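Residue-level listing of the chains:
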Amino acid sequence: MMKLLWDLKMKSDCLWVRWIHSYFIKGHDLFHMDIPNSASWVYKSILNTRPHITDIREQWDNSLVAKKFYMSKMYRGLFQLEPNVVWHTLLVGNIARPRALFFLWLTCHQKLATKSRLKKFGMAIDTKCCFCQEEETKEHLFFCCEPMIAIWQDILLWLGVTHTPIHWQGELDWIMRYCSGKGKKCGLMKMATAETIYFCWKYRNDTCFGDTYDRNIVVDNINNTFIHRGWRIRKYRDSVAQLLM
């Protein structure tokens, strides 16, 4: 969007740019004009990026002088303004499957489509958990719901970790403290966390749609995936072999 805004500012030799200037801008100051109600959502989105220019004023002015837009410099300028999330270390170097990492990312971002979240979007659904009568939220599923607690505890015991699961934020803080180093145990815990989140969410979905099965199957699936992924990395083979004894 910022590149398109730059094209409009520089009046690039482009048919689309000429059309915008002829029908919407009409000689007005691009950075002070109002957003036309009749404009498309794309054009509105482009104009909505104008406030961000103040955050990268130096890079923007340099690009105008050089008459060349440097995407990498603009990106780095914007990226430095955003603080790192505290849980980013759980994803860095995590050898879990991409789908598991994606669901871990969704969970940390509070974007999982739980029943309570879907209801906020206007869907007329029952927000009760499919395992109990509590309201289904991310905090309830991870880890206040009894089946989910039991699954996570079984995985931790299999890894040789003594820990009692608590509410989501507390559990996330504990996992980050446990994974603060760079050893094998940290890497295996990262993978176990991601795969457990994925299989617990899959277990929830299957139960919601009538495909019920014992939670021990979920534990076995997590263990088998853990072994398969861990054995592929040479440095983890000794640790995985010890878990199989």
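Everything below is about the structure printed above this text.
Parameters at a glance
- Residues numbered from 1 in each chain as written.
- Predicted model: local features only at pLDDT ≥ 70, side-chain atom pairs only at ≥ 80, totals over all residues.
- Heavy atoms only, no water.
- Helix = DSSP H or I, 4+ residues; strand = E, 2+ residues; numbered from the N terminus.
- Contact = heavy atoms within 4.5 Å.
- Buried < 20%, exposed > 50% of the residue type's maximum accessible area, 1.4 Å probe, protein only.
- Phe/Tyr/Trp six-rings, centres within 6.5 Å; stacked < 30°, edge-to-face > 60°.
- Lys NZ or Arg CZ within 6 Å of the ring centre and 35° of its normal.
- Axes fitted to C-alpha atoms, helices over the stretch in contact; angles between N-to-C directions.
- Parallel < 35°, antiparallel > 145°, perpendicular 65-115°, else oblique.
- Nonpolar A, V, L, I, M, F, W, Y, C, P; charged D, E, K, R; others polar.
- Salt bridge = Lys/Arg side-chain N within 4 Å of Asp/Glu carboxyl O.

**Re the side chain of Thr 107**
Piece 1. By the element assignment, Thr 107 lies in helix α6 (residues 98-108).
Piece 2. Aside from chain neighbours lying at most four places away, what touches Thr 107 is Leu 112, Lys 138, Phe 142, Trp 168 and Ile 197.

**A look at unusual backbone geometry**
Piece 1. Phe 143 follows Phe 142 through a cis peptide bond whose omega is 0 degrees.
Piece 2. Turning to its location among the elements, Phe 143 is positioned in the loop between α8 (138-141) and α9 (146-158).
Piece 3. Notably, Lys 11 is not glycine yet its phi reads approximately 50 degrees, a positive angle.
Piece 4. Within the fold, Lys 11 resides in the loop between α1 (2-10) and α2 (15-25).
Piece 5. With a phi close to 50 degrees, Lys 26 is a non-glycine residue in the positive phi region.
Piece 6. Its place among the elements puts Lys 26 in the loop between α2 and α3 (41-47).
Piece 7. Residue Lys 26 is classed as exposed on the basis of its relative accessible area, which comes to 54%.

**Quick word on the packing of aromatic side chains**
Piece 1. What the rule picks out here adds up to 16 aromatic pairs.
Piece 2. Ring plane angle 75 degrees and centroid distance 5.6 Å describe the contact between Trp 19 and Phe 24, whose orientation is recorded as edge-to-face.
Piece 3. Judged by centre distance (6.2 Å) and plane angle (20 degrees), the rings of Phe 102 and Trp 105 are stacked. Of the two residues, Phe 102 and Trp 105 are both situated in helix α6; the distance of 3 residues between them amounts to about one turn of the helix.
Piece 4. An aromatic cluster of three or more residues is present, and its members are Phe 102, Phe 103, Trp 105, Tyr 198 and Phe 199.
Piece 5. Sitting over the face of the ring of Tyr 70, Lys 73 holds its NZ or CZ atom 4.4 Å from the ring centroid.

**A short note on the packing of α6 against helix α11 (residues 184-208)**
Piece 1. The contact between α6 and α11 brings their axes to 8 Å, and the two run at 85 degrees. Compared by their axis directions, α6 and α11 come out roughly perpendicular. Residues Arg 99, Ala 100, Leu 101, Phe 103, Leu 104 and Thr 107 of α6 form the contact with α11, whose participating residues are Thr 193, Ala 194, Glu 195, Ile 197, Tyr 198 and Trp 201.
Piece 2. Of the residues belonging to the contact of α6 with α11, the class tally is 8 nonpolar, 2 polar and 2 charged.

**What to know about the pattern of salt bridges**
Piece 1. Overall, the coordinates contain 8 salt bridges when judged by the stated rule.
Piece 2. A salt bridge links Arg 204 to Glu 136; its shortest N-O distance comes to 2.7 Å. Of the two residues, Arg 204 sits in helix α11 while Glu 136 sits in the loop between α7 (115-120) and α8, which places them 68 residues apart along the sequence.
Piece 3. Using a relative accessible area of 7% as the deciding quantity, one classes Arg 204 as buried.
Piece 4. Here Asp 206 makes a salt bridge to Lys 202, at a shortest N to O gap of 3.2 Å. Here the residue Asp 206 and the residue Lys 202 both occupy positions in helix α11, the gap between them amounting to 4 residues, near one helical turn.
Piece 5. The class for Asp 206 is buried, based on a relative accessible area of 17%.
Piece 6. With relative accessibility at 35%, the residue Lys 202 sits in the partly exposed group.

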